[in-house]
Amino acid sequence: MKTKKNVFFLLLLSLMLVLSACSGGNDSSGTTNNGGAGDDGEVEGQDGGELSFVVGADAPTLDPHGMNDTSTTNVTTQIFDRLTAYDPDGTVVPSLAESFEAIEDTVWEFKLRTDVKFHDGTDFTAEAVKMTLERILDPEFASPRAVVLNMITEVEVVDEHTVHIKTAEPFAPLPAHLAHNAGSIIAPSAIEEENSGGETVDENPVGTGPFVFENWNRGSEITLVKNENYWDGAPALDSIKFVVVPEQSTRVAMLETGEAQVTQIGASDVARVEGMSGSGIELVNVRGTRMDYLGFNMEKEPYNIKEVRQAISMAINKTDVVDGILDGQGVPAVGPLAPTVVGNYQDLEPLGYDVEAAKQLLADAGFEDGFETTLYVNSANAEREQIATLVQDQLGQIGITVNIEIIEWGAFLDATANGEHELFILGWTTVTGDADYGLYALFHSSTFGAPGNRSFYANDRVDELLDFARSETNQDERNEAYKEVSEILVDEAPMVYLQHPDFNYGTNGANGLFVDFSGTPYFHGVKLQ
């Protein structure tokens, strides 16, 4: 087996460049290989063929504004482009925009490419940008991803290929936020079709990306075909098939036999993949920006009591999670932000593992005999199921009986967004590399439910600090605000910050796969052997 280590050792330094590239008055121009296709040179392999990407769960939607989840992102990233994108080193670069710059404190100018067409043959213009961004920000549409771009107040068409995007306050990371999947530009024809009562964007996803939607057998597989007229060069692959296989062990076995060319590898299976024979098998490893957590529904008793949340946090040994379940593929979390996120503060005093102190906190809260609760976990994720079992065992030591309920991914997202849960295990990836995205959606009181705050946590001081940091352009001042936020969040424990896992992908007979720091794969530069 060949092992390819794509670890971002200098990711934090690289992400500082994200803010540098987005600072006011700094013009950024150039091209981007579809947001980091990962081409460091000529990729070896053949043109043509179908790549099988085996996944654990189907995408809930193919509307890039419709759901804020990984399965949706992994598919729609291939169909849609964005104004900006991330290069492999983490910097923000132009994509559908040829250049961008802040021309005023609250106004960004984007010069658009003139050689781009949507999959339906229509031209990409400034009007398409305006229609797309106004759609995601429309309160009636109620996109779960609106929080990514809700600092935008107006989109002005200057001419056919120039657009001005205005924000309520200065917002330095705007180009980084536009590189998020939420910034995917949708063909006006698809939006107009939806608005007229015809097919929805979910059914008719028309973008400018390297792959075109062909077919969706819901719950089973999605097929995309190459965009022959892609502005950044047609992909080598003829097609990609996203094949849903819920059992993680089966997905890994399919990789070994060659039935799958690509699959995401759970931490517990990394050693297995590394031990596979065959020259075509490789492992892509990325130290990313993700935080996995045990969440509380703070609108339900007893999770509205801080001492109960603190007790649970202190009863869980995070080292057991990282070393025992993830096999060292990650680091224990001291707070909500990964060390690779710009604005993170790692010198926090965490609620340490202390079973006896946890018992005392429960008793102080009136639960010296414990209580019974239910923990929601999404299916098709072996590591989360193992973490749930560990949580069940360790909370049993302080008298809490945990019943585990494993739920299909789409139903899990709906249930936790609607507040039906008590406890749940989930993750949050800071896909922009900036602390605003890592904290605002999870903890601001305006983002309850599907946008991210599934803990239903509200704190006026946290809201104030997050709002301030959004509009502040001085990074030192932003860092101080995020430091205070992190300290409050450790004390109030709206969730148990478990670990920051690595992203691992296995490939067999596929060269050129790029995975960014958010764990999103890009197939534009991939060739089959």
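Presented here is an overview of the structure given in this document. In every chain, residue numbers begin from 1 and rise along the written sequence. Predicted model: local features are reported for residues with pLDDT of at least 70 only, side-chain atom pairs are reported and counted for 80 or more only, and whole-chain, interface and lining totals are derived from all residues. Neither water nor hydrogens contribute to the side-chain values; these are computed over all heavy atoms in the structure.

Burial here depends on accessible area, computed with a 1.4 Å probe over protein chains only, as a share of the maximum for the residue type. Under 20% is buried, over 50% is exposed, and the range in between is partly exposed. Comment: elements are numbered from the N terminus, with helices defined as DSSP H or I runs of at least four residues and strands as E runs of at least two. Among the 6 residues in strand E20 (residues 503-508), 6 count as buried, and that is most of the element. Going residue by residue along E20, you find Phe503, Tyr505 and Thr507 tucked away on one face and Asn504, Gly506 and Asn508 tucked away on the opposite face as well. DSSP-based pairing: two strands are paired if at least 2 bridges between them are found. The pairing of strand E12 (residues 262-264) with E20 spans 3 bridges and is classified as antiparallel. By the bridge assignment for E20, Gln264 is matched with Tyr505. Relative to E20, strand E13 (residues 281-286) is paired through 6 bridges, and the arrangement is antiparallel. Opposite Glu282, over in E20, you have Thr507 as the bridge partner.

Mapped onto the elements, Val308 comes out in helix H10 (residues 306-315). Val308 sits in the buried class, given a relative accessible area of 0%. Once the C-alpha coordinates of Val308 and Arg461 are considered, the two residues, 153 residues apart in sequence, prove to be 22 Å apart. Leaving out residues up to four positions away in the same chain, Val308 has contacts with Pro302, Tyr303, Leu362, Ala365, Phe367 and Phe371. Should any heavy atoms of two residues lie within 4.5 Å, those residues are considered in contact.

To continue, consider the nonpolar core. Within the largest apolar cluster, 143 residues are counted, with the highest numbers of intra-cluster contacts made by Leu51, Leu83, Phe110, Phe124, Leu294, Ile312 and Phe523. In terms of residue count, helix H15 (residues 435-443) provides more of this core than any other element does, 7 residues in total. If near-sequence neighbours (up to four positions away) are discounted, Phe523 is found in contact with Leu51, Phe53, Gln78, Phe211, Leu237, Ile240, Val262 and Leu513. Nonpolar cores are built from buried Ala, Val, Leu, Ile, Met, Phe, Trp, Tyr and Cys residues. Side-chain atoms within 4.5 Å join them into one set. Among the nonpolar cores identified, the runner-up in size contains 8 residues, and Val273, Met276, Ile281 and Leu283 belong to it.

The next point concerns helix H3 (residues 70-79). Of all 10 residues making up H3, 9 are buried, and the element is well covered by its neighbours. Listing the buried residues of H3 in full gives Ser71, Thr72, Thr73, Asn74, Val75, Thr76, Thr77, Gln78 and Ile79. Those residues of H3 that are buried are in contact with strand E9 (211-217), strand E10 (221-226), strand E11 (239-244), helix H14 (409-417), E20 and strand E23 (521-522). Each polar contact in these results corresponds to two N or O atoms within 3.5 Å; when the atoms are within protein, one needs to be able to donate a hydrogen and the other to accept it, and residues that are neighboring in sequence are counted only if both atoms are side-chain atoms. Its side-chain oxygen 3.1 Å from the backbone nitrogen of Ser71, Asp69 forms the N-cap of H3.

So, on to empty space enclosed by the protein. Taking a probe equal in size to a water molecule and rolling it over the atoms shows the remaining empty space. Any residue with an atom within 4 Å of a point lines the site, the site being either a cavity, points on a 1 Å grid over the protein atoms alone where a 1.4 Å probe fits but cannot get out, or a pocket, an open set with protein on both sides within 12 Å along at least 5 of 7 lines. Grid points are joined across faces, edges and corners, and a volume is the space filled by probe spheres set on the points. This model, assessed by the stated rule, comprises 2 cavities of 30 Å³ or more. Computed from the structure, the second largest cavity encloses a volume of approximately 40 Å³. If you go around the second largest cavity, the residues you meet are Ser313, Lys318, Val334, Pro350, Leu351, Val490, Ala493, Met495 and Tyr497. Here the lining of the second largest cavity is composed, by residue class, of 7 nonpolar, 1 polar and 1 charged. Ten residues, namely Ala, Val, Leu, Ile, Met, Phe, Trp, Tyr, Cys and Pro, are considered nonpolar, four, namely Asp, Glu, Lys and Arg, are considered charged, and the remaining ones, Gly among them, are considered polar.

Let us now look at the packing of H15 against helix H17 (residues 475-492). Helix axes are fitted only over the stretch in contact, all axes being lines through C-alpha atoms; the angle between N-to-C directions runs from 0 to 180 degrees. The contact between H15 and H17 brings their axes to 11 Å, and the two run at 40°. With respect to their mutual orientation, H15 and H17 come out oblique. Crossing of H15 against H17: the hand is left-handed. Of the residues in H17, those in contact with Ala435, Asp436, Leu439 and Phe443 of H15 are Arg478, Tyr482, Val485 and Leu489. Along the lines of polarity and charge, the residues of the contact of H15 with H17 split into 6 nonpolar, no polar and 2 charged. By the definition adopted for this analysis, an angle is roughly parallel if under 35 degrees, roughly antiparallel if over 145, roughly perpendicular if from 65 to 115, and oblique otherwise. Helix crossings are classified by the rotation of the near helix relative to the far one: an anticlockwise turn of less than a right angle makes the crossing left-handed, while a clockwise turn makes it right-handed.

Relative to the helices and strands, Asp58 is located in the loop between strand E2 (50-55) and H3. Charged residues are defined narrowly, with Lys and Arg counted positive, Asp and Glu counted negative, and His plus the chain ends left uncounted. Each reported salt bridge corresponds to a side-chain nitrogen of Lys or Arg within 4 Å of a carboxyl oxygen of Asp or Glu. In this structure Asp58 is buried but unpaired, with Arg218 as the nearest side chain of opposite charge at 6.5 Å. In terms of polar contacts, Asp58 uses its side chain to reach the backbone amide nitrogen of Gly219, at 2.6 Å. Those residues in contact with Asp58 that lie beyond four places of it in its chain are Ser71, Trp216, Arg218, Gly219, Ser220, Ile222, Val244 and Trp409.

Let's shift gears to the packing of helix H16 (residues 460-471) against H17. Between H16 and H17, the shortest axis-to-axis distance is 9 Å and the interhelical angle comes to 155°. It follows from the interaxial angle that H16 and H17 lie roughly antiparallel. Every pair of crossing elements has a handedness; the one defined by H16 and H17 is left-handed. Along its contact with H16, which presents Arg461, Val462, Leu465, Leu466, Phe468, Ala469 and Arg470, the element H17 presents Glu477, Arg478, Ala481, Tyr482, Glu484, Val485 and Ile488. Looking at the contact of H16 with H17 residue by residue, the class counts come to 9 nonpolar, no polar and 5 charged.

Now for unusual backbone geometry. Note: most residues except glycine have negative phi, and most peptide bonds are trans. With an omega of 0°, the peptide bond between Glu301 and Pro302 qualifies as cis. Along the chain, the position of Pro302 falls in the loop between strand E14 (290-296) and H10. Although it is not a glycine, Asp327 adopts a positive phi angle of roughly 55°. Structurally, Asp327 can be placed in the loop between helix H11 (318-325) and strand E15 (330-332). Accessibility expressed as a relative area gives 46% for Asp327, which makes it partly exposed. Despite not being glycine, Ala493 has its phi angle at roughly 50°, a positive value. By relative accessible area, Ala493 is classed as buried at 1%.

Strand order in the open sheet formed by 7 strands is E9-E10-E11-E2-E12-E20-E13, with mixed pairing between adjacent strands. The sheet is open, and its two borders are formed by E9 and E13, each paired with just one other strand. Within the sheet, the average angular offset between the axes of one strand and its neighbour, ignoring direction, is 20°. Relative to E10, E9 runs antiparallel, the two sharing 6 bridges. The residue of E10 that forms the bridge with Trp216 is Ile222. Those strands touched by helix H8 (residues 248-257) are E2, E12, E13 and E20, and its axis lies near 40° from that of E20.

It is worth spelling out the sheet that holds E15 at this point. Where strands meet in a sheet, backbone hydrogen bonds hold them as pairs that are either parallel or antiparallel. Sheet architecture is open: 6 strands sit in the order E15-E19-E14-E18-E16-E17, paired in mixed fashion. The open sheet has two free edges, formed respectively by E15 and strand E17 (400-407), since each of these has just one partner strand. Neighbour to neighbour, the strand axes of the sheet diverge by 30° on average, direction disregarded. Here 8 bridges tie strand E16 (residues 371-378) to E17, and the two strands are oriented parallel to one another. The residue bridging Val377 from the neighbouring strand is Ile406, located in E17. Packed on one face of the sheet, H14 meets E16, E17 and strand E18 (423-429) and runs near 130° to E16.

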